[in-house]
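# Examination of the molecular architecture
Residue strings, one per chain:
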Amino acid sequence: MTVRTRFAPSPTGVLHLGSVRTALFCWLYARHCGGQFVLRIEDTDRQRSTPENVDAIVDGMAWLGLDADEGPFFQTERFDRYRAITEQWLDEGKAYRCYCTKEELDELRAGQKERGEKMRYDGRCRQRSEPCKAGDSVVRFKNPLDGDVVVDDLVRGRVVFSNAELDDLVIARSDGTPTYNFSVIVDDHDMKISHVIRGDDHLNNTPRQMNLLAALGAPPPAYAHLPMILGADGAKLSKRHGAVDIRDYREQGYLPEAVLNYLVRLGWSHGDQEVFSIEEMIRLFDVADVNQSASSFNPEKLLWLNQQHIISAPATRLSEALITHFEQAGLAPQDGPDLKDLADGFRERAETLTQMVSNARYCYEDFDEIDPKGAKKNLRPVILEPLKAVRERFASLSEWSKEAIGQSIEEVAASFGLNMGKLGQPIRVAVTGGTVSPPIDVTVSLVGRERTLERLDKGIRLIEARAQAHEN
Ligand code: GLU
């Protein structure tokens, strides 16, 4: 059997962490099995679906690298197909027109409520062969009246529903548009979906969908209902917990592989391994290993994983991902070192790409002022001559490399009887304006010769001015 999964978001909202976890599991399972992954946009709710949300979904999926083999398909482009099946079922007696008015249905429900019964349609229009009243009609599916529907869920195990609990579902509204459960099964059937993987808020729809599929003469797909993701406070994940547009994570400097790594662990594990590459996830993931219990969202862990992925990502990968962060920071990559070198120099100290660019700002732009505390402590008259000597060595280096820079600093330090750090820190403060940066040889090489010399000159002038002020 070819494994075919689908991700079927409704564009009534953006793509957020919860929906991405569903998309990821569908995508991973298809990739793991060498099958296909289909993207289907369930936009039948025309009032609440927006083109902006469709863009958010499509862009978000592209950023995450969750590529679809087919689609995006749009349900609004398939209305003819749903209508044809509705008509066919009406002809075959598998569905019927229901003319009940809103008032009639309200009355029915009120009676059931009063008697403490479950509220459900009682099938009163089932037997009518001719329209009995003028007015709008909906189409209802003749749900089997007895027997059970058994869902052998890959995550939840065996779940049994009694048909007596299910009423005759509306499959087409009075304006002819299909309802959710109906369009889903037509599509799952037409798109040859073998595995429906989705949030467990859909579990109650599954027996209805299985009955509908049976009416189509189609065997049901395998089902896997994923446990919920909760906020740290135990409540359903919401905006408050970071269930925001997934593209916000891109803006905040997360790598998509880190986001996916974080999400794969919500409901799935492989021993106690925490860090996974995409290739490892594909190789190891199996939907049968998803566990049933809800997991909670932990932003610190996401941040930690982001850092791990920044540390291990190839420099080319990071350099590509960094570009948009330069734009955001108002910096131009061509004004400083090659982004691959920057990535290698700064990857150890950044939790996000945004932070990395902000840490590296002095490599691309001059700073206005040296951190006063750092200057006071490090740019003192004792270091004046060593700094001048370093400046001269730097100016005459035939090759501007980390090795040559490191060696120059070492030799100058030795000639003044200083250890590396005693000279390294003043250089750092003069060249970066602050007290924290990558190793000094790396820092200086990334800042570049021209800027380094200018900034050392400034530092030297600062010390001289201070010494003078002191004398006067
Ligand atoms: N469109 C549904 C939703 O966004 C998903 C339907 C499904 O996966 O069957 O919740």
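### Regarding the overall build of the protein
In terms of helices and strands, the protein carries 19 helices and 12 strands. The C-alpha atoms of the protein give 32 Å as radius of gyration, which overshoots the globular expectation for 472 residues (23 Å, by more than 25%). Seen through its principal axes, the protein has C-alpha atoms that stretch 110 × 45 × 40 Å. A buried classification covers 50% of the 472 residues belonging to the protein. The contacts of the protein with a sequence gap of at least 6 include a subset with a gap of at least 24, amounting to 77%. Total accessible area on the protein is roughly 22,400 Å²; 48% of this is exposed by carbon and sulfur atoms. For the protein, the separation between the mean place of its 59 positive charges and that of its 73 negative charges on side chains is 3 Å.

### Digging into the sheet that holds strand β4 (residues 95-98)
Pairing is antiparallel in the open sheet, where three strands are placed in the order β4-β5-β8. The strands lining the two open edges of the sheet, one partner per strand, are β4 and β8 (170-172). Averaged over neighbouring strand pairs, the angle between their axes works out to 45 degrees when direction is ignored. Bridging between strand β5 (residues 138-141) and β8 involves two bridges; their strand directions are antiparallel. By the bridge assignment for β8, arginine 140 is matched with valine 170.

### Quick word on the nonpolar core
Leu322, Leu387, Phe394, Leu423 and Ile427 are the most contacted members of the largest nonpolar core, which totals 50 residues. Only α11 (315-329), α12 (339-346), α13 (353-359), α15 (384-396), α16 (402-415), α17 (420-432), α18 (440-447) and α19 (449-471) provide two or more residues apiece to this core. If we skip the residues at most four places from it in the chain, leucine 387 touches Leu379, Leu423, Ile427, Leu456, Ile460 and Ile463. Residues Ala30, Leu237, Leu302 and Leu305 belong to the second largest nonpolar core, which totals 46 residues.

### Overview of the pairing of strand β7 (residues 157-162)
As paired elements, strand β6 (residues 148-153) and β7 share six bridges and run antiparallel to each other. Opposite valine 151, over in β7, you have valine 159 as the bridge partner. From the end of β6 to the start of β7, which pair antiparallel, there are three residues.

### Examining the site of the ligand
In the vicinity of the ligand, the residues found are Arg6, Ala8, Pro9, Ser10, Glu42, Tyr180, Arg198 and His202. Residue alanine 8 places a main-chain N or O atom 2.7 Å away from a nitrogen atom belonging to the ligand. Here an oxygen atom of the ligand sits 3.1 Å away from a polar atom, N or O, in the side chain of tyrosine 180. Starting from 300 Å² of accessible surface for the ligand in isolation, the protein chains cover 80%. Here the residues of the shell around the ligand sort into three nonpolar, two polar and three charged.

### As for the packing of helix α1 (residues 17-32) against helix α8 (residues 256-264)
Relative orientation of the contacting elements α1 and α8 amounts to 85 degrees, with a least axis distance of 10 Å. Accordingly, the angle class assigned to the pair α1 and α8 is roughly perpendicular. Counting all contacts with α1, which are made through Leu17, Val20, Arg21, Leu24, Phe25 and Leu28, the residues of α8 involved are Val259, Leu260, Leu263 and Val264. Counted by class, the contact of α1 with α8 contains nine nonpolar, no polar and one charged residues.

### Quick look at the side chain of histidine 225
Positionally, histidine 225 belongs in strand β10 (residues 222-226). Given a relative accessible area of 0%, histidine 225 falls into the buried group. For histidine 225, the side chain forms a polar contact with the side chain of aspartate 153, separated by 2.6 Å. A distance of 3.1 Å separates polar atoms of two side chains, one belonging to histidine 225 and the other to arginine 198.

### Looking at the packing of aromatic side chains
Each aromatic ring pair is summarised here by two numbers: the centre-to-centre distance and the angle between the ring planes. Enumeration over the complete set of coordinates arrives at 11 aromatic pairs. When the ring of tyrosine 262 is compared with that of phenylalanine 297, the centres are 5.7 Å apart and the planes differ by 75 degrees; the resulting orientation is edge-to-face. Residue tyrosine 262 is located in helix α8, and its partner phenylalanine 297 is located in the loop between β12 (295-296) and α10 (299-312); the two are separated by 35 residues in the primary sequence. The same class applies to tyrosine 262 and to phenylalanine 297, which are both buried. For the ring pair phenylalanine 346 and tyrosine 362, a centre distance of 6.2 Å and an interplane angle of 50 degrees mean the geometry is tilted. Placement of the pair is phenylalanine 346 in helix α12 and tyrosine 362 in the loop between α13 and α14 (372-378), with a sequence separation of 16 residues.

### Description of the packing of helix α3 (residues 79-92) against helix α5 (residues 180-190)
Across the interface, α3 lies against α5 with an axial gap of 10 Å and an inter-helix angle of 105 degrees. With respect to α5, the axis of α3 lies roughly perpendicular. Every residue of α5 that contacts α3 at Arg81, Tyr82, Ile85, Thr86 and Trp89 is listed here: Phe182, Ser183, Ile185, Val186, Asp187 and Asp190. In terms of residue class, the contact of α3 with α5 is built from six nonpolar, two polar and three charged.

How each quantity is defined
Residues numbered from 1 in each chain as written. Predicted model: local features only at pLDDT ≥ 70, side-chain atom pairs only at ≥ 80, totals over all residues. Heavy atoms only, no water. Helix = DSSP H or I, 4+ residues; strand = E, 2+ residues; numbered from the N terminus. Rg over C-alpha atoms; globule rule 2.2 N^0.38 Å. Buried < 20%, exposed > 50% of the residue type's maximum accessible area, 1.4 Å probe, protein only. Contact = heavy atoms within 4.5 Å. Areas by Shrake-Rupley, 256 points an atom, 1.4 Å probe, with all protein chains shown as cover. Lys, Arg positive; Asp, Glu negative; His and termini not counted. Charge placed at Lys NZ, Arg CZ, Asp CG, Glu CD. Pairing = 2+ DSSP bridges. Axes fitted to C-alpha atoms, helices over the stretch in contact; angles between N-to-C directions. Core = buried A, V, L, I, M, F, W, Y, C linked by side-chain atoms within 4.5 Å. Near = heavy atom within 4 Å. Polar contact = N/O pair within 3.5 Å; in protein donor to acceptor, adjacent residues only side chain to side chain. Nonpolar A, V, L, I, M, F, W, Y, C, P; charged D, E, K, R; others polar. Parallel < 35°, antiparallel > 145°, perpendicular 65-115°, else oblique. Phe/Tyr/Trp six-rings, centres within 6.5 Å; stacked < 30°, edge-to-face > 60°.

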